[in-house]
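# A look at the structure
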Amino acid sequence: MAPVLFLLMLSGAMCSLGQAMSREEKLRLRNQVVEMFDHAYQNYMDHAYPADELMPLTCRGRVRGLEPSRGDVDDALGKFSLTLIDTLDTLVLLNKTIEFEVAVRRVLKDVRLDNDIVVSVFETNIRVLGGLLGGHSMAVMLKEGGQHMQWYQDELLHMAKDIGLRLLPAFNTSSGLPYPRVNLKFGVNGPSSRTGTETDTCTACAGTMILEFAALSRFTGDPVFEAHARRAMDFLWEKRQRNSNLVGTTINIHSGEWVRRDSGVGAGIDSYYEYLLKAYILLGDDSFLERFNIHYASIMKYISQPPLLLDVHIHKPLLPARTWMDSLLAFFPGLQVLKGDIRPAIETHEMLYQVTKKHNFLPEAFTTDFRVHWAQHPLRPEFAESTYFLYKATGDPYYLEAGRTILDNLNRFARVPCGFAAMKDVRTGSHEDRMDSFFLAEMFKYLFLLFAEVEDIPFDVEDYIFTTEAHLLPLSLSAAPHSYSTASNRTSQQELDDTNFDWTCPNTRLLFPDPAYPRNLREPIRTAVDKSCPRPAPYREPGMGSPPLRAQDFMANNPEHLELLRRMGVSLIHLKDGRVQLVQHATQAVSAVAAEDGVRFMQEMMELSSQQQKEQLPPRAIQIVSHPFLGRVVLTAGPAQFGIDLSKSSTGVRGFVTVAEPYSGCSEITNAEYVQGHIAILQRGQCMFAEKARHIQKAGAIGGIVVDDNEGSSSDTAPLFQMAGDGRSTDDVTMPLLFLFHKEGNILLEALKEYREVEVLLSDKARDRGADVQEAEEDCLTEATTPTAFESTTQTQTSSVELDESVSQEEVPPSQETSDAEEVIPPEAEVSPTEAAADSAQPKEERDSDKSDEAEGHTDSSSQLVDELLADWREDLEAFQQMEKDEL
């Protein structure tokens, strides 16, 4: 078929039974979006520029190397004023033409791209190259209008080619897949590059280059960029699993072997699928659409379980690989709108909307019964993106209300005096000192477009395609001269089932003649989420009987449970020390399905056993409620084992803070007249925590805050712990005591230094500003679960773990494969919890006089296992730890 390029005209074609939002209210919300953008952008320019990003809690710029390392997250930073470049085309869309012209001049004058620094190829492509190309597209459009940018001579395009050339050395592999990192000055593999030793990359990292690289080739006339991006896409297509037509999450860039074989539409894969469809729209090459449709059919067959999108194993796609979803999949309903598959888009979006309303933001990961799995939220824009596309496709004012919810939650929970701060924990409302560049590049674009009328937008957005970073590339590039031949890349006719392909856009009027149709789709999903967090039954083939026993429900003294174990081939042995040893003989199960259930049960028990070795308590919150903070700054705090339990207090403890003298609090307080009736601030060290508490309580304090004496410590990089007593009764301590790391403590001390009178609220979670305390459904706000790796001693046909008869109830992913091998759980195996650097803080017990008692997490994934089953278990347990490495 000849190349067919179509425009997806997403006009509002559907009526709604809901009350339409008035034009005046839409105008008010549009203006609110612009005001919020101004607040974020101006604070970046005032307090952070020329740094890459703003740190909104401390009102300064994040400069790589000067701040504590955050690991792979920092690979997006290249000392090239990232936020300014990422924001260029947003300025134009929001009608800030003068500011855009000033910003372009700043970029040309101040930004250097030849820094000796190692950056992520993926992030630099979508943010920097994409930002420069989007800025160039806007500059050309304005110049052609005859009023602005008349001086512009393609300077941004020259910078885009410069950064493109600096990324090219990463593609110097036998497969054509790029290295995940490159040195902007020295490339890869050189003696000064400090990179080039990596062997793995995520699928999205390698497959999200074609839009920017093809645009760069067609803007400049140099085909080398598009050729390299196409070669990477071709290789990923060739390496798909041919039976399931799915791709894995991580691939070896040299051999092409899948390193992680779980497949979904979220982190690590997401934008690969997005770029297949959008490359067809931008470039008019049928092969991209053919590939997308083949992948999409498999996604809807295996991964989509409306309204859920659950990862599966590429070799056994009928088995789910996990029981949780990550927030990056929130883009997928928007992609389904572009595809024209509106019904599942409505269903999945509604599920995401209900989770958002339950937790204020989408947690970084959440379980299939909508509980928090990973508690962070770095102000991701994907849900706003899908909301915009669904509104454009349906015209349903329901999605305007969803957009209003996003705006309200950003202002109520994330807005701080110096910008908007990422949420460290959606349960407590605590913040991270972080405002990623994508917040300005994407969030405000989609929200502005959601509420804007056609006459509010300075150009026709239908003439552009949005990249994954929401940068604007003109569709006219499809007609630009190019010399790359696509004949060799066509999908073979044997692979192509043309009956599944949509070559035209659907008409939403014909799809939904009943205006109540979208509401009827949403209602059962809303009901399901609103219930007491129902736990969906695990996957079972039809006719296979009742669901299997789950590990969290198992009781060793229940005869019915023991009979279920026997049917699964699992036997139970009581040890002398009171523990229970489980042994599975898959060949002794009553059926293959029962054996598979047994494998899943054993895997769940492994994780429950490892969770038993650590006590997870949600962090507490210290919320600064006085002017000018007004509750917008929330600090993550560790609890104490003594004193008032804030989780049982509906109001918390509120009061003004003062510094105790002596600052250590290890002797009688000498400024008792100031401490009385206040919350005392103390420094860690020199004596026990309980002793500090007794001294300030005797002086009349209503609470205490202990600040770490280890300079530079932060809850961003270190796990919280529980402050222990002093070995004797602490019943006499009747006030709360919380712990802050040095960085968070300094925020409080600096506020006290500047404003003299600072009032805080000590509580289990942040309270809504200016409103009554929100009473969340506690049974749905569970602790974030940390993916847990394990070390196991193995024999020829054994795998091991141990457990107590009493195990904590925890949601864990199901197994992926079954085996005829004997599964044994001997007591000598070591099971160690993992501290994931980007995870929610995991409190631990620690005596103040002995910091070395902190439990240290260990991850050992290098054990050589003889059974592929355990290898797949390890992949699943490590999957979410890899999320930050795969994609920010």
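The rules behind each value
- The numbering scheme is per chain: residues are counted from 1 as the chain's sequence reads.
- Note on the predicted model: pLDDT of at least 70 is required for a residue's local features to be given, and 80 or more for side-chain atom pairs to be given and counted; whole-chain, interface and lining totals, by contrast, use all residues.
- Note that water and hydrogens are dropped before the side-chain values are worked out from all heavy atoms of the structure.
- pLDDT is a residue-level measure of predictor confidence that goes from 0 to 100.
- The criterion used for residue contact is that any of the two residues' heavy atoms lie within 4.5 Å.
- In this text, buried Ala, Val, Leu, Ile, Met, Phe, Trp, Tyr and Cys residues form a nonpolar core when linked through side-chain atoms within 4.5 Å.
- The classification of residues rests on relative accessible area computed with a 1.4 Å probe and restricted to protein chains. Under 20% of the type maximum is buried, over 50% is exposed, and intermediate values are partly exposed.
- A pair of strands is labelled paired if DSSP reports no fewer than 2 bridges between them.
- Secondary structure elements follow DSSP: runs of H or I of four or more residues count as helices, runs of E of two or more count as strands, with numbering from the N terminus.
- Lines fitted to C-alpha atoms define the axes here, with helix axes fitted over just the stretch in contact, and angles between the N-to-C directions of these axes take values from 0 to 180 degrees.
- Only the six-membered ring of Trp is used, alongside the rings of Phe and Tyr, when aromatic pairs are assigned; centres must lie within 6.5 Å, and planes under 30 degrees apart are stacked while those over 60 apart are edge-to-face, with the rest tilted.
- Basic side-chain nitrogens of Lys or Arg form a salt bridge, by our definition, when they fall within 4 Å of a carboxyl oxygen of Asp or Glu.

### With respect to the confidence of the model for the chain
Summing up the model confidence of the chain, the mean pLDDT is 81 and the portion of residues at 70 or higher is 76%. In the predicted structure, residues 771-874 sits below a pLDDT of 50 and forms 317 contacts with residues beyond four places in sequence or in another chain.

### A word on the nonpolar core
F100, L410 and F420 are the most contacted members of the largest nonpolar core, which has 176 residues in total. Excluding anything up to four places from it in sequence, L410 contacts M36, F361, L379, R415, F420, F439, M443 and L447. In terms of nonpolar packing, the next biggest core, distinct from the first, is built from 25 residues, V416, I624, V657 and L738 among them.

### Concerning the sheet that holds strand β13 (residues 365-367)
Pairing is antiparallel in the open sheet, where three strands are placed in the order β12-β13-β14. Looking along the sheet, the strands with just one partner apiece sit at the ends: β12 (324-326) and β14 (372-374). For this sheet the average axis-to-axis angle between neighbouring strands, irrespective of direction, equals 30°. Note that β13 and β14 share two bridges and pair antiparallel. Paired with F366 across the strands is V372, a residue of β14.

### Describing unusual backbone geometry
Here the bond from Y49 into P50 is cis, since omega is 10°, no more than 30 degrees from zero. Take P50: it is sitting in the loop between α1 (23-47) and β1 (53-55). Note the cis peptide between H627 and P628, where omega equals 5°. Its place among the elements puts P628 in the loop between β23 (620-624) and β24 (633-637). Unusually for a residue other than glycine, K79 sits at a positive phi of about 60°. By the element assignment, K79 lies in the loop between β2 (60-62) and α2 (82-93). Given the relative accessible area of 46%, K79 is considered partly exposed. Of note, the phi angle at L379 is positive, near 60°, even though the residue is not glycine. Within the secondary structure, L379 sits in the loop between β14 and α13 (382-394).

### A word on the packing of aromatic side chains
A full pass over the atoms with the stated rule returns 26 aromatic pairs. Ring geometry for F37 versus Y41: centroids 5.5 Å apart, planes at 10°, classification stacked. Of this pair, F37 and Y41 both sit in helix α1, four residues apart, which is roughly one turn of the helix. The two residues F37 and Y41 agree in class, both being buried. Each ring, one from F171 and one from F213, has its centre 5.4 Å from the other, and the planes form 45°; the classification is tilted. A residue pair is termed long-range when its members are at least 10 positions apart, and F171 in the loop between α5 (155-167) and β4 (181-183) and F213 in helix α7 (residues 210-220) qualify at 42 residues. Residue F171 is classed as buried on the basis of its relative accessible area of 2%.

### Some remarks on the pattern of salt bridges
This structure, assessed with the given rule, holds 47 salt bridges. Of the charged contacts in the structure, one is a salt bridge between E455 and R23, with a shortest N-O distance of 2.1 Å. Within this pair, whereas E455 is found in the loop between α15 (437-451) and β19 (464-466), its partner R23 is found in helix α1, the two being separated by 432 residues in sequence. The exposed category is assigned to E455, whose relative accessible area is 53%. Given the relative accessible area of 48%, R23 is considered partly exposed. Put simply, R566 and E563 hold a salt bridge, and the shortest N to O gap is 2.7 Å. With R566 and E563 both in helix α18 (residues 559-567), this residue pair falls three residues apart, about one helical turn.

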